Amino acid sequence: MKKIILLLVIFFNQPIFAQNVDIDLLRIINTPNKEKFGDPFFKEISSTTYVFSLAAPASVFAMGIVNKNKELRYKSYQMAVGLGLSSALSLLLKYSVNRTRPYITYSFIVPKIKESDPSFPSGHATNAFETATSLSLNFPKWYVIVPAYAWAGAVGYSRMYLGVHYPSDILAGMVLGAGSAWITWKVNKIMHRKRIVSPIE
């Protein structure tokens, strides 16, 4: 995990990449339209991130309680730990890299909302892809995977559309979120095989 984080910082914080591919792609996505029909939609999608991310493990936990299913409860713990891990790593990177928001650096980027914290990586994309990956790993059915990643992808796109993140911020969040979910899922599988009882009953 440390090597992955280091590579993300080195690769995505390169000035050449940020000023060329990053900003060119962001400029295309962020181009304002006269009707602004997309503004309310993408603002709403963006605002669902933390609600859905918290609701996912809470719902699985509730299902485990109602059905008296210990496995579901363990899955909810894994999802909650994965969310906490991804959030912590995202915050650590944000203030270590301290990348300025694109609309502050480039006057032609139109912000539809304002954010006060650093840009890299996207916390919204991190949490959305952690949630989508956790759900997909724990419930590997197409009717879980497709909606989960469609929602996560929409969240990532919305952050660029709203002008608050570079594409590389989103990509880093995707890797960080999915990686955190996979690691905690793998640990949970190992613990399950060894029949280690969770301290939370």
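Residues numbered from 1 in each chain as written. Predicted model: local features only at pLDDT ≥ 70, side-chain atom pairs only at ≥ 80, totals over all residues. Heavy atoms only, no water.

Caption draft 1: The arrangement of the layout of surface pockets in detail. In this structure, the second largest pocket encloses a volume near 190 Å³. For the lining of the second largest pocket, the secondary-structure elements that each account for two or more residues are α5 (70-97) and α7 (123-138). Looking at the lining of the second largest pocket, its residues break down into 2 nonpolar, 7 polar and 5 charged. (1 Å grid on protein atoms, 1.4 Å probe; cavity = no way out; pocket = protein on both sides within 12 Å on 5 of 7 lines; lining within 4 Å. Points joined across faces, edges and corners; volume = space filled by probe spheres on them. Helix = DSSP H or I, 4+ residues; strand = E, 2+ residues; numbered from the N terminus. Nonpolar A, V, L, I, M, F, W, Y, C, P; charged D, E, K, R; others polar.)

Caption draft 2: Summary view of the confidence of the model for the protein chain. Scored by pLDDT, the protein chain comes out at a mean of 85, with 83% of its residues at no less than 70. Least confident of the elements in the protein chain is helix α1 (residues 2-12), whose mean pLDDT is 53; most confident is α7, at 96. (pLDDT = per-residue confidence, 0-100.)

Caption draft 3: The packing of helix α3 (residues 38-47) against helix α8 (residues 142-161), seen in detail. Interaxial distance between α3 and α8 falls to 8 Å at its minimum, and their mutual angle equals 125 degrees. Relative to α8, α3 is oriented oblique. Here α3 and α8 pass one another in a crossing that is left-handed. Judged by residue contacts, Gly38, Asp39, Phe42, Ile45 and Ser46 of α3 engage Ala154, Val155, Tyr157, Ser158, Arg159 and Tyr161 from α8. Looking at side-chain class alone, the contact of α3 with α8 contains 6 nonpolar, 3 polar and 2 charged residues. (Axes fitted to C-alpha atoms, helices over the stretch in contact; angles between N-to-C directions. Parallel < 35°, antiparallel > 145°, perpendicular 65-115°, else oblique. Left-handed = near helix turned anticlockwise from the far one by under 90°. Contact = heavy atoms within 4.5 Å.)

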